[in-house]
Each structure stands twice: as C-alpha cells, then as structure tokens.
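# Observations on the three-dimensional arrangement
This is what each chain is made of:
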Amino acid sequence: AVVENDIRPDLIFPARDLYQRAILGNPDDFRIRENYAEFLEITGDQEECLAQWSEIHRSLPTHFGPFYHMGLLERKLGKLDEAMKHLEIAFKYRPESLEIRLEIGQCFSQLGQNVEAQAHFEKMSQHWPDHAGIHYQWAQTLAKLNRRDEALEKLRKTVELRSEEHTSELQSRRNLVCR
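Numbering of residues starts from 1 in every chain and runs along the sequence as written. Since the coordinates come from a predicted model, pLDDT governs what is reported: local features require at least 70, and pairs of side-chain atoms require 80 or more to be given and counted, while whole-chain, interface and lining totals use all residues. To obtain the side-chain values, all non-hydrogen atoms of the structure were included, while hydrogens and water were left out.

Turning our eyes to something else, we now look at the side chain of Gln52. Counting from the N terminus, the helices are the DSSP runs of H or I reaching at least four residues and the strands are the DSSP runs of E reaching at least two. Within the fold, Gln52 resides in helix H4 (residues 46–59). If we skip the residues at most four places from it in the chain, Gln52 touches Ile23, Arg33, Tyr36, Ala37 and Leu40. Note on contacts: a residue pair qualifies if any of its non-hydrogen atoms lie within 4.5 Å across the two residues.

Printed below as a string of structure tokens:
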C-alpha cells in the first residue's frame, strides 16, 4: 500500500533485491512470489510480473489465482487472446467468481466480440441481478451494438443500483454513529 501511494525510485531497487533474495532463500514459498508479482505490477514491470505469475502457476498448477492474475495483466497489456485463455482456465477452477466473469466479458468486448459480450453480461445479470458493474458493462456492450434504448435502460439500472448502494452505505454509517 505504501508503494502505491509513493513510488520512489530509490526504494524500488532495494525492495526488488530484497524480494529476489527472499525467493532464492525460499524457492518453494509461492506467497513470496505473489507479493513480488504484486510489487512488480505496482511499480510498472509488467513483463516480469507475468513471469512471476507463470512461476507461481508451476507451483500451483490447479489453482485459479495465477491464471486469473495473468489474465488480468494480459488484458491490461492488450494481449487479449492470452488473457482470454487464462481467464477461461481460471473460470473452470472458480466458476462462481464474479470477478473472473467480469474480466471475461471485458475481454470479449475488447476483442470486438460484442454479441458474445452482450450474451455473457445478460447471463451474468441472471446470477447477480443487483450488481451495478454488470449492468454498466452490459450497457457499454449494447451501445457498441447500436442498441441505444437498451443501453440507456441498463445505464439507468446502474445509476439506480449505485444510488441504493450509496444510500445503504450512508445508513450503515449513521447507524454506527448513532449507537
């Protein structure tokens, strides 16, 4: 968290060296590699970050985490075919994950597969009808398909759901203060 708020170049190299020594001393501890991969992503070394997630995958070949994180990063880097492949594998291991499903939908959209993205978000909305993020992504996809009226309806639903979330959060805070 400190690195995200204050990326100081004079601290990156010593921290990187510390991680590398920790990995050499504990080559089977995937948690060190996970932390290092997150550090690399935050500090902008995306390719080395991918390499670390690949190493973690070798340690945990049937765990969804490395596939999910590789897919996230590859999507951000525009490596969409690789991202989709990794996200679909992550989905096989964790089919109940909303986050993985959202990322797959965004990959469809970035690949220009808007019909598939629309069907994907529609199916997701059946499982999570009150999730604003799904309706927002669905609205964007409908707009790309020139289905403007439906897109506007999904955007209205997004605003309504976000408003309910905000109201609920405010009520929770009031309840804490009024106790």
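Bringing the packing of aromatic side chains into the picture now. Classification of ring pairs rests on two measures: the distance between centres of Phe, Tyr or Trp rings, Trp counted by its six-membered ring, which must be within 6.5 Å, and the angle between planes, read as stacked under 30 degrees, edge-to-face over 60 and tilted in between. Overall, the coordinates contain four aromatic pairs when judged by the stated rule. Residues Tyr36 and Phe39 carry aromatic rings whose centres are separated by 6.4 Å and whose planes lie at 20° to one another, so their mutual orientation is stacked. Linking Tyr36 with Phe39, this pair stays in helix H3 (residues 30–42), spanning three residues, or about one helical turn. Neither Tyr36 nor Phe39 differs from the other in exposure class; each is buried. Ring centres of Phe67 and Tyr93 lie 6.0 Å apart, and the angle between their planes is 20°; on these two criteria the pair is classed as stacked. Placement of the pair is Phe67 in helix H5 (residues 64–76) and Tyr93 in helix H6 (residues 80–93), with a sequence separation of 26 residues. Throughout, exposure labels follow a simple rule: accessible area from a 1.4 Å probe, protein chains only, divided by the maximum for the residue type, with under 20% read as buried, over 50% as exposed, and the rest as partly exposed. Since its relative accessible area comes to 7%, Phe67 is described here as buried.

Turning our eyes to something else, we now look at the environment of Glu82. Positionally, Glu82 belongs in helix H6. Along the chain, Glu82 and Met70 lie 12 residues apart, while their C-alpha atoms are 8.6 Å from each other.

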